[in-house]
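Remarks on the overall topology
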Amino acid sequence: KHGRISMLATMGYITPDLVGKFPGYLSPSANLKFVDVPNGLAAISKVPAAGWGQMVLYALYCEASSLGFGYFDEAYNKNAPGDFGWKPPLLAT
């Protein structure tokens, strides 16, 4: 799990330099555009507190979904491992 996070973090650092950033506003109320946010640790002070709160809540949700509290068990135990309940069109018989 941690290796995947490290790879995503590396891609998140490199990708905006290679392909550009999203158009539009990160925070319209603060008049902050995506282009105005620098890469790396300099971004910590630029992102509004509400944005950091959203990221923390999402990370907690992802971590809680793998701890087995019982809340997510119904969705995971319904099918066999790897069976997501759909079949690709034109490939299923």
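Residues numbered from 1 in each chain as written. Predicted model: local features only at pLDDT ≥ 70, side-chain atom pairs only at ≥ 80, totals over all residues. Heavy atoms only, no water.

A short note on the overall build of the protein chain
Basically, it comes down to this: A helix here means a DSSP run of H or I that spans at least four residues, while a strand means a run of E at least two residues long, and both kinds are numbered starting from the N terminus. For every residue, the accessible area (1.4 Å probe, protein chains only) is compared with the maximum for its type, and the residue is labelled buried under 20%, exposed over 50%, or partly exposed between those bounds. Whether two residues touch is decided by their heavy atoms; if any such pair falls within 4.5 Å, the residues are in contact. For every accessible area listed, the method is Shrake-Rupley and the probe measures 1.4 Å; residues are considered covered only by the protein chains on display.
Within the protein chain, the secondary structure is distributed over 3 helices and 2 strands. Taken over 93 residues, the protein chain has a buried fraction of 9%. Look at the contacts in the protein chain between residues 6 or more apart in sequence, and 10% of them connect residues 24 or more apart. Counting only carbon and sulfur atoms, one obtains 66% of the accessible surface of the protein chain, whose full area is about 8,200 Å².

Here we look at a nonpolar patch on the surface
Note the threshold: Two distance rules govern patches: like charges are joined within 9 Å, and nonpolar side chains (Val, Leu, Ile, Met, Phe, Trp, Tyr) within 5 Å, applied only to residues with over 30% relative accessible area and no salt bridge. Salt bridge, as applied in this entry: a Lys or Arg side-chain nitrogen positioned within 4 Å of an Asp or Glu carboxyl oxygen.
Together, Tyr13, Ile14, Leu18 and Val19 make up a nonpolar patch on the protein surface, roughly 440 Å² of accessible area in all. Topologically, Tyr13 is positioned in helix α1 (residues 2-19).

Here's the deal with unusual backbone geometry
In terms of backbone geometry, most residues other than glycine have negative phi values and most peptide bonds are trans. A positive phi angle is found at Asn31, which is not glycine, with a value near 55°. Counting through the fold element by element, Asn31 comes out in the loop between β1 (25-27) and β2 (32-33). Take Asn31: its relative accessible area is 54%, and that puts it in the exposed class.

Some points on the environment of Ala50
Within the secondary structure, Ala50 is located in helix α2 (residues 49-65). Look at Ala50 and you get exposed, because its relative accessible area is 57%. In this structure the C-alpha to C-alpha distance between Ala50 and Ser27, which are 23 residues apart in sequence, comes to 9.5 Å.

So, the confidence of the model for the protein chain
Definition in use: The score called pLDDT rates the predictor's confidence residue by residue, from a low of 0 to a high of 100.
When pLDDT is averaged along the protein chain, the result is 80, and 76% of the positions lie at 70 or above. Across the protein chain, the secondary-structure element scoring lowest on mean pLDDT is helix α3 (residues 73-77), at 59, and the one scoring highest is β2, at 91.

Brief notes about the environment of Lys21
What counts, and what does not: Any pair of N or O atoms that falls within 3.5 Å is considered a polar contact. Within protein, one atom must be able to donate a hydrogen and the other to accept it, and sequence-neighbouring residues count only if both atoms are side-chain atoms.
Considering the arrangement of structural elements, one finds Lys21 in the loop between α1 and β1. Not counting residues up to four positions away in its chain, the partners in contact with Lys21 are Pro16, Phe34, Val35, Val37, Pro38 and Asn39. Within the local environment of Lys21, its side chain forms a polar contact with the backbone oxygen of Val37, the two atoms lying 2.3 Å apart.

A closer look at α1
Side chains of residues three or four places apart in an α-helix project in the same direction, reflecting 3.6 residues per turn. Selection rule: Working rule for helices: expected span equals 1.5 Å times residues minus one. Each residue is assigned a bend, namely the angle between axes fitted to the seven residues that terminate at it and the seven residues that start at it.
With 18 residues, α1 extends 25 Å between its outermost C-alpha atoms, agreeing within 8% with the 26 Å of an ideal straight helix rising 1.5 Å per residue. Along α1, the largest kink reaches about 25° and is centred on Tyr13; proline Pro16 follows within four residues of it. Positive backbone phi, approximately 95°, marks Gly20, located one or two places after α1.

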